[in-house]
Amino acid sequence: MFTLIKKGQVFTPKSHGIMDIFIVGDKIAMVAPEINIPYDIFTDITVLDADGLSVTPGFIDQHVHITGGGGEGGPATRTPEIMLSELTTAGVTTVVGLLGFDAVTRNIPGLLAKARALEAEGITAYIYTGAYQIPARTLTANVRSDLVLIDKIIGTGEIAISDHRSAQPTLAMLVKLAAETRVGGMLGGKAGIVHLHLGEGKTGLDLVFQALAQSDLPVTQFVPTHLNRKKNLLKQACKFVKMGGTIDLTAGIEPEKPSPDALNIMESLKLLIEMGISLNSVTASSDGNGSLPQFNDRGEITGISIASVKVLWTDIKKAIRAGVVTLEEGIRLITFNAANTLKLLPAKGIIAPGSDADLVLLNPDLEIDKVYARGRLMVDNGNAIIRGTFEK
Ligand code: ZN
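Quick notes on the rules
- Residues numbered from 1 in each chain as written.
- Predicted model: local features only at pLDDT ≥ 70, side-chain atom pairs only at ≥ 80, totals over all residues.
- Heavy atoms only, no water.
- Core = buried A, V, L, I, M, F, W, Y, C linked by side-chain atoms within 4.5 Å.
- Buried < 20%, exposed > 50% of the residue type's maximum accessible area, 1.4 Å probe, protein only.
- Helix = DSSP H or I, 4+ residues; strand = E, 2+ residues; numbered from the N terminus.
- Domains from an automatic or database assignment.
- Contact = heavy atoms within 4.5 Å.
- Patch = residues over 30% accessible without salt bridge, like charges linked within 9 Å, V, L, I, M, F, W, Y side chains within 5 Å.
- Areas by Shrake-Rupley, 256 points an atom, 1.4 Å probe, with all protein chains shown as cover.
- Salt bridge = Lys/Arg side-chain N within 4 Å of Asp/Glu carboxyl O.
- Donors = N, O, S within 2.8 Å, 3.2 Å for Na, K, Ca; no water.
- Phe/Tyr/Trp six-rings, centres within 6.5 Å; stacked < 30°, edge-to-face > 60°.
- Lys NZ or Arg CZ within 6 Å of the ring centre and 35° of its normal.

A.B. asks: Sorry if this is basic, but what is going on with the nonpolar core here?
C.D. replies: The nonpolar side chains of a soluble globular protein tend to be buried with one another. Ranked by internal contacts, the top residues of the largest apolar core, which has 87 residues, are F222 and W313. Counting residues per element, this core draws most heavily on helix 6 (residues 231-242), at six residues. Looking at which domains feed residues into this core, each of domain 1 (2-56 + 348-384) and domain 2 (59-341) gives three or more. The contact partners of F222, leaving out residues within four places of it in the chain, are L174, A178, V194, L196, V208, A211, L212, L217, F240 and T246.

As structure tokens, this is what we get:
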């Protein structure tokens with residue numbers, strides 16, 4: 001019920017120096033330089049000495065195929081469902097689940113059930129309605145009513161553009177979907193964003209720029225992702241940020257994976273800084289449990305593997321260790337910035353009285369040591385101590 005974390009180096013995500021954090025139930029009750037607890041009032045309190053550890057908000061991964069994805073090479077290439085500990089050991093305490101390429105054998109009811117399962121197992125889970133294709137697959141009559149009526153649905157995604165696997169949407173189709181998502185978000189009190197999958201195609205963000213030029217939709221309506229899959233695409237995304245948009249980078253991408261000129265997170269951040277982009281407009285996600293298919297220039301599949309949620313922190317950590325970004329800047333991408341984009345503040349993405357007690361404790365090597373999700377210790381010494389229903 002009560003947990004007191006003593007003497008951690010606290011990042012809210014702003015660096016606040018050495019602080020104590022008092023957790024009551026699933027919420028943070030107090031953050032102060034020194035908290036002394038009257039033990040006769042607060043009995044049964046767990047005290048954790050966090051001396052030498054950095055304490056950050058729990059990570060938010062806004063792009064995970066929680067029910068699996070893939071299928072580009074037929075049924076045997078469908079990826080499996082994610083397990084709780086794969087998320088928690090990666091520091092992820094809030095996940096946004098989504099469908100991808102396959103919206104025939106995967107559906108929104110299954111996605112919603114999996115989000116509820118993860119929530120019951122201890123973390124926080126949301127979903128996007130839709131999948132690669134437009135018209136979007138939905139749970140109720142349409143995207144708008146999904147957003148208004150289903151608590152866990154906070155946007156539409158991942159809608160594929162500039163990809164041979166997309167539904168090749170026209171400008172009118174994309175604008176209509178974005179408008180429906182916007183109104184649904186407004187009526188439902190949600191972020192109501194369109195999370196866009198950018199593929200290897202030749203048009204990149206062209207359709208998005210046209211949508212913004214020819215409609216009254218604000219630039220914040222679209223959150224494009226996988227932008228680091230090609231250097232030129234990331235450069236094009238700089239224009240989008242300069243118009244006021246927020247972009248999402250995908251961890252696990254490396255040169256040759258998928259393109260010869262793909263950039264990993266560290267190189268992407270370097271390029272964005274060089275281009276004068278504020279990292280406040282940048283987030284990162286893992287594409288966890290999605291498939292990583294490789295295609296030849298005829299569009300034929302030549303190989304396939306599965307993405308891991310772990311790459312999210314691994315890749316950001318590399319950029320921090322190399323001095324490309326500070327620890328504060330690095331964690332901000334997957335805490336405050338993500339919560340801001342998804343309209344989850346102040347419950348998520350920060351450490352403050354009243355926010356959810358989702359915390360990651362990092363050791364001096366920046367390895368994940370402990371993870372709290374809604375006040376519960378899920379990971380200790382890097383190992384999952386709470387496991388999902390069917391995990392051994
Ligand atoms: Zn994608």
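A.B. asks: Help me understand helix 7 (residues 265-274) in this model?
C.D. replies: One turn of the α-helix equals 3.6 residues, which is why residues spaced by three or four share an orientation. When helix 7 is considered as a whole, its buried residues turn out to be I265, M266, S268, L269, L271 and L272. Of the surrounding secondary structure, the elements contacted by the buried residues of helix 7 are helix 6, strand 12 (247-250), strand 13 (282-285), helix 8 (311-321) and helix 9 (327-333). A positive phi of about 80 degrees marks G276, the residue just after helix 7.

A.B. asks: Explain helix 5 (residues 206-213) here, please?
C.D. replies: Along helix 5, the positions that sit buried rather than exposed are L207, V208, F209, A211 and L212. Buried residues in helix 5 make contact with strand 9 (153-161), helix 4 (171-188), strand 10 (193-198), strand 11 (222-225) and helix 6.

A.B. asks: What is the right way to read unusual backbone geometry from this model?
C.D. replies: Most peptide bonds take the trans configuration, and most residues that are not glycine carry a negative phi. In this chain, I134 is followed by P135 through a cis amide linkage whose omega measures 0 degrees. Inspection of the secondary structure puts P135 in the loop between strand 8 (124-129) and helix 3 (143-149). With an omega of -20 degrees, the peptide bond running from G157 to E158 counts as cis.

A.B. asks: What's the story with the environment of G303 in this structure? I'm lost.
C.D. replies: Among the secondary structure elements, G303 is positioned in strand 15 (residues 301-306). Distance in space between the C-alpha atoms of G303 and G73 is 8.5 Å, their sequence separation being 230 residues. Each residue touching G303, except ones within four places of it in the same chain, is listed here: L292, P293 and Q294.

A.B. asks: I tried to follow a nonpolar patch on the surface on my own but got confused; where do I start?
C.D. replies: On the surface, a cluster of nonpolar side chains totalling about 290 Å² of accessible area is made up of V148, L149 and L187. With respect to the helices and strands, the residue V148 is situated in helix 3. When its relative accessible area of 31% is taken as the criterion, V148 is described as partly exposed.

A.B. asks: Would you mind showing me how to read the coordination of the zinc ion here?
C.D. replies: In ideal tetrahedral geometry, four donors around a metal make angles of 109.5 degrees, whereas ideal octahedral geometry with six donors gives angles of 90 or 180 degrees. Protein-derived ligands of the zinc ion are E158 (OE), H197 (ND1) and H226 (NE2), with the metal-ligand distances lying across 1.9 to 2.3 Å. For the zinc ion, the single-chain donor residues occur in sequence as E-x38-H-x28-H. With E158 in strand 9 and H226 in the loop between strand 11 and helix 6, this pair connects stretches of sequence that are 68 residues apart. Here the two residues E158 and H226 agree in accessibility, since each one is buried.

A.B. asks: Just checking my understanding: could you explain the packing of aromatic side chains for this structure?
C.D. replies: Centre-to-centre distance and the angle between the planes together describe a pair of aromatic rings. Tallied over the full model, the rule gives three aromatic pairs. When the centroid spacing of 6.0 Å and the interplanar angle of 65 degrees are considered together, the rings of F101 and Y132 count as edge-to-face. Here F101, found in the loop between strand 7 (92-97) and helix 2 (108-121), pairs with Y132, found in the loop between strand 8 and helix 3; they are 31 residues apart in sequence, far enough to count as distant. Owing to a relative accessible area of 6%, Y132 belongs among the buried residues under this scheme. The side chain of K152 reaches across the aromatic face of Y126, ending 5.6 Å from its centre. The positively charged end of K239 is found above the aromatic ring belonging to F209, 4.1 Å away from the centroid.

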